[in-house]
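Here's the letter readout for the chains.
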Amino acid sequence: MSSYRHWQEYLKRDDFTYGQFGENLTVDGLADDEVCIGDRYEIGGAVWWLHAARDGENHPFAGEVRALLSQLPAGRSFVSYSRPSGVDRPGVDYTVSGRFSPERIRSLEPLPDADAYICGPSAFMRDMTGALDACGLPSSRIHTEVFGATSAVTPGVVTGSVRAPHQPAAPPGGRPGPSVAFARSGLIVPWHPDYGTLLGLAEACDVPVRWSCRTGICHTCETALLSGHVEYAPQPLEPPAGGSALICCSTPPADVVLDM
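Residues numbered from 1 in each chain as written. Predicted model: local features only at pLDDT ≥ 70, side-chain atom pairs only at ≥ 80, totals over all residues. Heavy atoms only, no water.

(A) Just the overall build of the protein chain, in detail. Across its full length, the protein chain holds five helices and twelve strands. Per-residue burial for the protein chain yields a buried fraction of 30% across its 260 residues. A separation threshold of at least 6 residues defines the contact pool for the protein chain, and within that pool the share at least 24 residues apart is 56%. For the protein chain, the computed accessible surface area is about 15700 Å², with 54% contributed by carbon and sulfur atoms. (Helix = DSSP H or I, 4+ residues; strand = E, 2+ residues; numbered from the N terminus. Buried < 20%, exposed > 50% of the residue type's maximum accessible area, 1.4 Å probe, protein only. Contact = heavy atoms within 4.5 Å. Areas by Shrake-Rupley, 256 points an atom, 1.4 Å probe, with all protein chains shown as cover.)

(B) Unusual backbone geometry, seen in detail. In this chain, Ala233 is followed by Pro234 through a cis amide linkage whose omega measures 0°. Among the structural elements, Pro234 can be located in the loop between β9 (231–232) and β10 (244–246). Phi at Asp206 is positive, roughly 55°, even though this residue is not glycine. Looking at the element boundaries, Asp206 is found in the loop between α5 (198–204) and β8 (222–227).

(C) Region of interest: the pairing of strand β7 (residues 187–190). Taking every second residue as pointing to the same face, the buried face of β7 carries Leu187 and Val189, while none of Ile188 and Pro190 on the other face is buried. Taken together, the four bridges between strand β6 (residues 179–182) and β7 define a ladder with antiparallel strand orientation. By the bridge assignment, Val180 is partnered in β7 with Val189. (Pairing = 2+ DSSP bridges.)

(D) Spatial organisation of the pairing of β6. The turn joining β6 and β7, which pair antiparallel and follow one another in sequence, is formed by four residues; a positive phi near 65° is taken by Gly186. Sheet topology note: the β6/strand β12 (residues 256–258) ladder contains three bridges and is parallel. Looking across to β12, one finds that Phe182 is bridged to Leu258.

(E) Summary view of the sheet that holds β10. On the basis of which strands lie adjacent, the open sheet formed by five strands has the order β7-β6-β12-β8-β10 and mixed pairing. Lying at the two open borders of the sheet, with one neighbouring strand each, are β7 and β10. In this sheet, adjacent strand axes meet at a mean angle of 35° when their direction is disregarded. Pairing of β8 with β12, which is carried by two bridges, proceeds in the antiparallel orientation. Note on β12: the bridge partner recorded for Ser227 is Val257. (Axes fitted to C-alpha atoms, helices over the stretch in contact; angles between N-to-C directions.)

(F) Representation of the packing of aromatic side chains. Overall, the coordinates contain two aromatic pairs when judged by the stated rule. Pairing Tyr81 with Tyr94 gives two aromatic rings, centres 5.0 Å apart and planes at 25°, and the pair type is stacked. On the criterion of sequence distance, the pair formed by Tyr81 in strand β2 (residues 75–81) and Tyr94 in the loop between β2 and β3 (96–97) is long-range, its members being 13 residues apart. Across this residue pair, the class does not change: Tyr81 and Tyr94 are buried. (Phe/Tyr/Trp six-rings, centres within 6.5 Å; stacked < 30°, edge-to-face > 60°.)

(G) Molecular detail of the pattern of salt bridges. Inspection of every chain in the model, using the stated rule, returns three salt bridges. Measuring nitrogen to oxygen at the nearest pair gives 3.3 Å for the salt bridge that ties Glu103 to Arg106. Remark: Arg106 and Glu103 occur in helix α3 (residues 102–107); sequence separation between them is three residues, near one turn of the helix. According to the relative accessible area criterion, Arg106 is partly exposed, its value standing at 34%. Among the ionic pairs, Arg184 bridges to Asp259, the shortest N-O distance being 3.1 Å. With Arg184 in the loop between β6 and β7 and Asp259 in the segment after β12, the pair connects residues that are 75 residues apart, well separated along the chain. With relative accessibility at 22%, the residue Asp259 sits in the partly exposed group. (Salt bridge = Lys/Arg side-chain N within 4 Å of Asp/Glu carboxyl O.)

(H) Just the nonpolar core, in detail. Val180, Phe182, Leu201, Ile247, Leu258 and Met260 are the most contacted members of the largest nonpolar core, which totals 25 residues. Mapped onto this core, the elements with two or more residues apiece are β6, β7, α5, β10 and β12. The biggest single contributor to this core is α5, with four residues. Counting eleven residues, the second largest nonpolar core, distinct from the first, contains Ile105, Ala116, Ile118 and Leu137. (Core = buried A, V, L, I, M, F, W, Y, C linked by side-chain atoms within 4.5 Å.)

Written out as structure tokens, the structure is:
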């Protein structure tokens, strides 16, 4: 929180909200000159470590993770070896054999308020994200990071969507607001404040979109604004390029057309 006070003073702004800088947790009393790499802090709840590997010889970070989990009273581990060797011990070195499938994820029955962090190849992350989504986890709680080579990222543009874009499954009641047109998806949807942001509306319609911070910092969600204009809350640290919008922290005061 002291960092917020510093940057508000430095930038002469008073509209910051917690999470503005993309952090998952905002704390106070942990100064930068007192916290060291390797320090660990427990913030309640259970921690699950789900890991897929080939066998005990090809299990990255196995020792480090086991040591860390042993220090967490609510730590749990579920390890899947796709091809365990003869020396790998079931129930000791690994939990189950076979690939880490979406069915296996669903069998663990993750709680809908859990946070999931997925790291791996694109196909693996796509399958796991789909499985977690089917279990009821909102997309805002599913965080991914590619492990390995990947293609360049075009902000706001995604290909290979799992579902075809559609009208919201349960649109909010009340008087509809301005229309939001997703040009690439061929979809026009009435805006409602319950969606929170244009990103929230896109997610409700399964319109493909890239995002990361959800607070106007990283510009990953920057999308071409073909028509209309948007309002920001909170204001992004840096404005997007002309003719673009940061949909993670913006709303439409009037009809808009987005290149999505």
